[in-house]
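Geometric and topological summary
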Amino acid sequence: MASRGAMAKNGHVTEDEYRTVRTVYDAKVLAGTKHAHGLPDYSHTPNSIYIKENSDGSFREMRVYNEKGRLYLEIAYHGEVHLTGNRNHPILHYHTYDEALKHSAAKRMTKELYEKYKKYLEAYGL
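Below is a summary of the structure that appears in this document.

**As for the overall build of the chain**
- A tally of regular secondary structure across the chain gives three helices and seven strands.
- The buried share of the chain, reckoned over its 126 residues, is 43%.
- The contacts of the chain with a sequence gap of at least 6 include a subset with a gap of at least 24, amounting to 30%.
- If you sum the accessible surface of the chain, you get close to 7500 Å²; carbon and sulfur atoms cover 49% of it.

Structural data, given as C-alpha cells:
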C-alpha cells in the first residue's frame, strides 16, 4: 500500500487513511488520519468528488474520480508560481491526470470547467 490511497499491486486500498468531515453537495470533505494529509489517488466510490480544506476551512483542492475510481481531475486554489510568478498568491487552477497518475502542469481555470463545478466552488466563495 502506497500513501495517499494509492493501490497496491493486489488492488487493495485501505479505508482508514481518511475520515469524512462533512459533505458539500455530493462531495466529501476529507481529512487525513495517521500520516495522510493530501487527497487519495483512488476512490472506493466510482464517479466521486473529494475536497480538501485548509486549516481555516477555506478551499484547498478538489479531486474528481472516474467510473473506475481513478483520479482524473484536480481543481485547486493555492499558489502556482509559474502561473502568477508568486507562490504565495493563490490562483484557481486545475491539473489533469493520466492513467499512470502523472499530472499535467497547472492550467488557469477555464470558464467551461468553472461552470461544471461551480456549485462546489461557490460554496467556498470562489
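**A closer look at the sheet that holds strand β7 (residues 107-108)**
- Taken in spatial order, the seven strands line up as β1-β2-β3-β4-β5-β6-β7 in an open sheet, and their pairing is mixed. Taken across any chain shown, the strands that pair with only one partner, and hence form the sheet edges, are β1 (18-24) and β7.
- In the sheet, strand β3 (residues 49-53) pairs with strand β4 (residues 59-65) via five bridges, with the strands oriented antiparallel. Opposite K52, over in β4, you have E61 as the bridge partner.

**Observations regarding the pattern of salt bridges**
- The final tally for this structure, using the stated rule, is five salt bridges.
- The residue R22 makes a salt bridge to E53 at a minimum N-O spacing of 2.5 Å. Residue R22 is found in strand β1, and its partner E53 is found in strand β3; the two are separated by 31 residues along the sequence.
- Taking the shortest distance from any N to any O, the salt bridge between E99 and R70 comes out at 3.4 Å. Of this pair, E99 sits in the loop between β6 (90-96) and β7 while R70 sits in the loop between β4 and β5 (71-79); the two residues are 29 residues apart in sequence, bridging distant segments of the chain.
- Note on R70: relative accessible area 23%, which makes it partly exposed.
- A network of salt bridges, in which partner residues are shared, links D41, R63 and E74.

**A word on the nonpolar core**
- I51, M62, I75 and Y117 are the most contacted members of the largest nonpolar core, which totals 19 residues.
- Elements represented by at least two residues in this core include exactly β2 (27-32), β3, β4, β5, β6, α2 (111-116) and α3 (118-122).
- A per-element tally of this core places β4 first, with three residues.
- With residues up to four places along the chain from it excluded, the contact list for I75 reads F59, E61, M62, L92, H93, Y94, M109, L113, Y117 and L121.

**Overview of the packing of aromatic side chains**
- This model, assessed by the stated rule, comprises four aromatic pairs.
- Here a set of aromatic residues connected by ring pairs shows up, and it is made of Y25, Y117 and Y120.

Here is what the cut-offs are and how they apply
- Residues numbered from 1 in each chain as written.
- Predicted model: local features only at pLDDT ≥ 70, side-chain atom pairs only at ≥ 80, totals over all residues.
- Heavy atoms only, no water.
- Helix = DSSP H or I, 4+ residues; strand = E, 2+ residues; numbered from the N terminus.
- Buried < 20%, exposed > 50% of the residue type's maximum accessible area, 1.4 Å probe, protein only.
- Contact = heavy atoms within 4.5 Å.
- Areas by Shrake-Rupley, 256 points an atom, 1.4 Å probe, with all protein chains shown as cover.
- Pairing = 2+ DSSP bridges.
- Salt bridge = Lys/Arg side-chain N within 4 Å of Asp/Glu carboxyl O.
- Core = buried A, V, L, I, M, F, W, Y, C linked by side-chain atoms within 4.5 Å.
- Phe/Tyr/Trp six-rings, centres within 6.5 Å; stacked < 30°, edge-to-face > 60°.

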